[in-house]
Amino acid sequence: MEKLGIQCDLVTQDKWLCNHYKRRCLAKFECCNKYWPCHCCHNKDSKCRRSELRSRDTSMVKCVECGKEQQFGKNGRFCVACNTQFADYYCGLCKHLIGNDNHPYHCDKCGICRFHGYRSFHCDVCGICLDVQLRGNHKCLPDSAHDECSICLKDLFIGCKILPCFHKVHKDCVTRMIRNGM
């Protein structure tokens, strides 16, 4: 791994490059001239000014087996040189290379990949994917997909959770709030 210049110390026992995504390639972003295990690792450790990158911001990938640098998606989820499978799930639209553990799927209506397709539905009124337990059991607010998180006040489109009181929050925000006893 040293020969590939991996900057992240999150390599797990399963030989995944980080704890965020199960894949066998590194990602390069326009803002940096480095390869990172994923956009989350970049956002956490990069010294550049871009700290809100998403997977879609990937421009190039590097195979961890042979070191071949290649344009993202050139050969789908496989390396163009050694045919190493980068990940179980591939979406060329969202630029996702991830494992199948969380049952990823691409929602055409949202225009992004989401997790747990077997327990999600897209609410056409709200304009967002929600847990099936909320089907017919949530307060629909037209076009509320881009509402602000009630805690951090950032866009909720990615990672929205609806509390029993119908406030929408990021999962990470509510977890931090509970841990801090608020």
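Structural data are supplied above this passage.
Residues numbered from 1 in each chain as written. Predicted model: local features only at pLDDT ≥ 70, side-chain atom pairs only at ≥ 80, totals over all residues. Heavy atoms only, no water.

## Examining the overall build of the protein chain
Tallying secondary structure elements over the protein chain gives two helices and 12 strands in all. N-terminal to C-terminal, the α/β element order of the protein chain is β-β-α-β-β-β-β-β-β-β-β-β-β-α. Every one of the 182 residues in the protein chain was classed for burial, and the buried ones make up 40%. Look at the contacts in the protein chain between residues 6 or more apart in sequence, and 27% of them connect residues 24 or more apart. Roughly 11,000 Å² of accessible area belongs to the protein chain as shown, and the carbon and sulfur atoms make up 47% of that amount. (Helix = DSSP H or I, 4+ residues; strand = E, 2+ residues; numbered from the N terminus. Buried < 20%, exposed > 50% of the residue type's maximum accessible area, 1.4 Å probe, protein only. Contact = heavy atoms within 4.5 Å. Areas by Shrake-Rupley, 256 points an atom, 1.4 Å probe, with all protein chains shown as cover.)

## Description of the sheet that holds strand β4 (residues 69–71)
Read from one edge of the open sheet, four strands run β2-β1-β3-β4, paired in antiparallel fashion. Both edges of this open sheet fall to β2 (35–36) and β4, since each of them pairs with a single strand only. Strand direction decides the pairing type here: strand β1 (residues 25–29) and strand β3 (residues 58–63), joined by five bridges, are antiparallel. Along β3, the bridge assignment pairs L26 with K62. (Pairing = 2+ DSSP bridges.)

## What about empty space enclosed by the protein?
Under the definition given, this model contains one cavity of 30 Å³ or more. In this structure, the largest cavity encloses a volume near 30 Å³. Lining the largest cavity are V61, Q70, Q71, F72, G73, K74, N75, G76, F78, F86 and L97. Grouping the amino acids of the lining of the largest cavity by side-chain chemistry returns five nonpolar, five polar and one charged. (1 Å grid on protein atoms, 1.4 Å probe; cavity = no way out; pocket = protein on both sides within 12 Å on 5 of 7 lines; lining within 4 Å. Points joined across faces, edges and corners; volume = space filled by probe spheres on them. Nonpolar A, V, L, I, M, F, W, Y, C, P; charged D, E, K, R; others polar.)

## Observations concerning the pairing of β3
By the criterion of burial, β3 is predominantly enclosed, with five of the six residues buried. For β3 and β4, the ladder comprises three bridges, and the chain directions are antiparallel. The residue bridging K62 from the neighbouring strand is E69, located in β4. Where β3 folds back on β4, the antiparallel hairpin that results is connected by five residues, among which G67 adopts a positive phi of roughly 80 degrees.

## Thoughts on the nonpolar core
The biggest cluster of nonpolar side chains holds 29 residues, and the ones touching the most others in it are C110, I128, L130 and F157. Put simply, the parts of the chain that give this core at least two residues each are β5 (89–91), β7 (105–107), β8 (112–114), β9 (120–123), β10 (128–131), β11 (160–162) and α2 (171–179). When residues in this core are grouped by element, the largest group, three residues, is from β10. Setting aside its immediate chain neighbours within four residues, I128 contacts C110, R114, F121, H122, C123, A145, L156, F157 and C160. In terms of nonpolar packing, the next biggest core, distinct from the first, is built from eight residues, C79, F86, A87 and L97 among them. (Core = buried A, V, L, I, M, F, W, Y, C linked by side-chain atoms within 4.5 Å.)

## Observations regarding the state of the cysteines
Per the stated rule, a full pass over the model turns up zero disulfides. Its sulfur unpaired, C66 is 3.6 Å from the next cysteine sulfur, which belongs to C79. For C66, a relative accessible area of 36% gives the class partly exposed. (Disulfide = S-S within 2.5 Å.)

## Focus on the side chain of H96
Along the chain, H96 falls in strand β6 (residues 96–98). The buried category is assigned to H96, whose relative accessible area is 13%. Among all residues touching H96, those that are not within four sequence positions of it are Y21, S55, F72, Y89, Y90, C91 and C113.

Everything listed here is a matter of geometry and, on its own, says nothing about what the molecule does.
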